[in-house]
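# Examination of the molecular architecture
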Amino acid sequence: MSKRKYSKATIAIINELKTDQRAYRYEEDGNKYGLLILYRGETLFYQENDRALLCEIAARFAVINPETIVQWDDNTDIHSDERAAILDKIMTLYKKAYKDDLKIY
């Protein structure tokens, strides 16, 4: 059951973000990650190796909505176990990149 699908335009934006120099880049345990706050601080770009997603945050308050971590850019669904692992990684990388503890709302 899919909650949403990325449009072709959104996928094109995500593909551009995968090489965007503004994104914070990290390598850990043989994996490559990218993180970037977008727009007016309400969207977060997260990349794990060749896959990426967009999720909802409120950067001003350093909070994330984990329910918006639903699909990778190839429209593959993210299930609850994977969502928890992604959320944990986002929170760790966010602290490194933006020097703020990201909280869940």
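Higher on the page you've got the structure.
These remarks concern the structure in this document. All residue numbers here refer to positions counted from 1 along the written sequence of the relevant chain. Confidence filtering applies because this is a predicted model: local features only for residues at pLDDT of at least 70, side-chain atom pairs given and counted only at 80 or more, and all residues used for totals across whole chains, interfaces and linings. Side-chain metrics in this entry use all non-hydrogen atoms of the structure; hydrogen atoms and water are not considered.

## Quick notes on helix 2 (residues 80-98)
Here helix 2 contains 19 residues, and its C-alpha end-to-end distance of 26 Å stays within 8% of the 27 Å for a straight helix at 1.5 Å per residue. Buried, partly exposed and exposed residues are distinguished by accessible area as a fraction of the type maximum, computed with a 1.4 Å probe on protein chains only: under 20%, between the cut-offs, and over 50%, respectively. Where helices and strands are cited, they refer to DSSP runs of H or I of at least four residues and of E of at least two residues respectively, numbered from the N terminus. Arg83, Ile86, Leu87, Lys89, Ile90, Leu93, Tyr94 and Ala97 are the residues of helix 2 that are buried. Where helix 2 is buried, its residues meet strand 1 (24-28), strand 2 (31-38), strand 3 (43-48), strand 4 (51-58), strand 5 (63-64) and strand 6 (103-104). By definition here, a helix of n residues has an expected span of 1.5 Å times n minus one. Whether two residues are in contact is decided by their heavy atoms, any of which lying within 4.5 Å being enough.

## Describing the pattern of salt bridges
Here a salt bridge means any side-chain nitrogen of Lys or Arg lying within 4 Å of a carboxyl oxygen belonging to Asp or Glu. Taken as a whole, this structure holds seven salt bridges when the rule is applied. The residue arginine 51 makes a salt bridge to glutamate 48 at a minimum N-O spacing of 4.0 Å. Here arginine 51 makes a salt bridge to glutamate 82, at a shortest N to O gap of 3.3 Å. In this pair, arginine 51 is assigned in strand 4 and glutamate 82 in helix 2, connecting sequence segments 31 residues apart. The exposure class assigned to arginine 51 is partly exposed, which follows from its relative accessible area of 31%. Judged by relative accessible area, which is 25%, glutamate 82 ranks as partly exposed. Salt bridges linked by common partners bring Glu28, Lys89 and Lys96 together as one network.

This is a description of form; function is not addressed.
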